[in-house]
Amino acid sequence: MKAERIKASIRTIRGWPHEGINFRDVTTLFEDPAAFRSVLNRIAGWAEEEEFDIVVGIDARGFILAGALAYQQHLPLVLVRKKGKLPFTTISEDYELEYGSATVETHDSPIIEGKRVLIVDDLLATGGTALAAARLIRRLGARAVSFAAIIDLVELPGREALTKSGIDVYTVIDFTEAE
Ligand SMILES: O=P(O)(O)OC[C@H]1O[C@H](OP(=O)(O)OP(=O)(O)O)[C@H](O)[C@@H]1O
Ligand SMILES: Nc1ncnc2[nH]cnc12
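Computed from a predicted model, the values in this text were never measured in an experiment.

Reading guide: rules and limits
Residues numbered from 1 in each chain as written. Chains lettered and ligands numbered in written order. Predicted model: local features only at pLDDT ≥ 70, side-chain atom pairs only at ≥ 80, totals over all residues. Heavy atoms only, no water. Helix = DSSP H or I, 4+ residues; strand = E, 2+ residues; numbered from the N terminus. Buried < 20%, exposed > 50% of the residue type's maximum accessible area, 1.4 Å probe, protein only. Contact = heavy atoms within 4.5 Å. Lys, Arg positive; Asp, Glu negative; His and termini not counted. Salt bridge = Lys/Arg side-chain N within 4 Å of Asp/Glu carboxyl O. Pairing = 2+ DSSP bridges. Right-handed = clockwise from strand over helix to strand, strands pointing away. Expected span 1.5 Å × (residues − 1).

Examining the environment of Leu136
Take Leu136: it is sitting in helix H5 (residues 128-139). Since its relative accessible area comes to 0%, Leu136 is described here as buried. Sequence-wise, Leu136 and Lys7 are 129 residues apart; in three dimensions their C-alpha atoms are separated by 31 Å. Ignoring any residue separated from it by four or fewer positions in sequence, one finds Leu136 in contact with Val80, Ile91, Ser92, Glu93, Val104, Glu105 and Thr106.

Given below as structure tokens:
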């Protein structure tokens, strides 16, 4: 499937959650099985050349992609969640994003120690969320080596910030603010 056809399956909501934000809503892509499969196949194709042994999914839409990838790759899946959602002992990191600040957490789990990690989310904007996840991963004795998402908001510095931190970045679709 062509990238333009995948892009057309993503809905834009202007002025949500704040004025000035064009929210890229992937729920319509998830409702389109051909587009969803195409995204997963593209990420899986890229992942063949990457070396990682665990998948970390980011709350909330990243979970949907990360679960499918972990299944396809036969790898463990670890969740990075928004603050206050995880039941066991957690570690947390604060970060800034396009519209505010937030905190992510993950379980203080030994499964990740010593591993090379692929982080998966739906969208890359400032990179704040992914870098906070990478800090959690480092604190657990592992290394974030790869990052995959559906969308890159290309005018924001996420790709550069992740690359500078030594993380390989793959995204399927670019969006400019004007689109
Ligand atoms: O690159 P960044 O600037 O960090 O932005 C990307 C993050 O923003 C969105 O989630 P959001 O924080 O809106 O949370 P949600 O999953 O609760 O909608 C998106 O799903 C990414 O996780
Ligand atoms: N414009 C946007 N659309 C969807 N998720 C986002 N996260 C940060 N910016 C976003």
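Here the narrative resumes, following the displayed structure.
Some words on the side chain of Asp121
In this structure, Asp121 sits in the loop between strand S7 (116-120) and strand S8 (123-124). We note that Asp121 is buried and unpaired, the nearest opposite charge coming from Arg61 at a distance of 6.1 Å. Once residues lying within four places of it in the same chain are set aside, the contact partners of Asp121 are Ile58, Gly62, Leu65, Thr129, Phe147, Ala148, Ala149 and Ile150.

Focus on the pattern of salt bridges
A complete count under the given rule lists 9 salt bridges for this structure. In this structure, Arg5 and Asp32 form a salt bridge, with 3.0 Å as the shortest nitrogen-oxygen distance. Taken together, the residues Arg5 in helix H1 (residues 3-8) and Asp32 in the loop between helix H2 (27-30) and helix H3 (33-47) connect sequence positions 27 residues apart. Here Arg5 falls in the partly exposed class, since its relative accessible area comes to 36%. The buried category is assigned to Asp32, whose relative accessible area is 17%. Among the ionic pairs, Asp152 bridges to Arg159, the shortest N-O distance being 3.0 Å. Taking relative accessible area as the criterion, Asp152 reaches 3% and is therefore assigned buried. For Arg159, a relative accessible area of 32% translates into the label partly exposed.

Digging into the pairing of strand S9 (residues 143-153)
Burial analysis of S9 places 10 of its 11 residues in the buried class, the great majority of the element. Pairing of S8 with S9 involves 2 bridges; the strand directions are parallel. In the strand pairing of S9, Leu123 is matched with Ile151. Read as a crossover between parallel neighbours, the route from S8 over H5 to S9 is right-handed. Where S9 lies against strand S10 (residues 168-175), 7 bridges are found, and the strand directions are parallel. Paired with Leu153 across the two strands is Phe175, which belongs to S10. Viewed along the sheet, the connection from S9 through helix H6 (residues 158-164) into S10 turns out right-handed.

A closer look at H5
The first and last C-alpha atoms of H5 sit 17 Å apart over 12 residues, in line with the 16 Å expected at 1.5 Å per residue. Buried residues dominate H5, accounting for 9 of its 12 residues. Looking only at H5, the buried set comprises Gly128, Thr129, Ala130, Leu131, Ala132, Ala133, Ala134, Leu136 and Ile137. Of the residues trailing H5, Gly141 is marked for its positive phi of about 85°.

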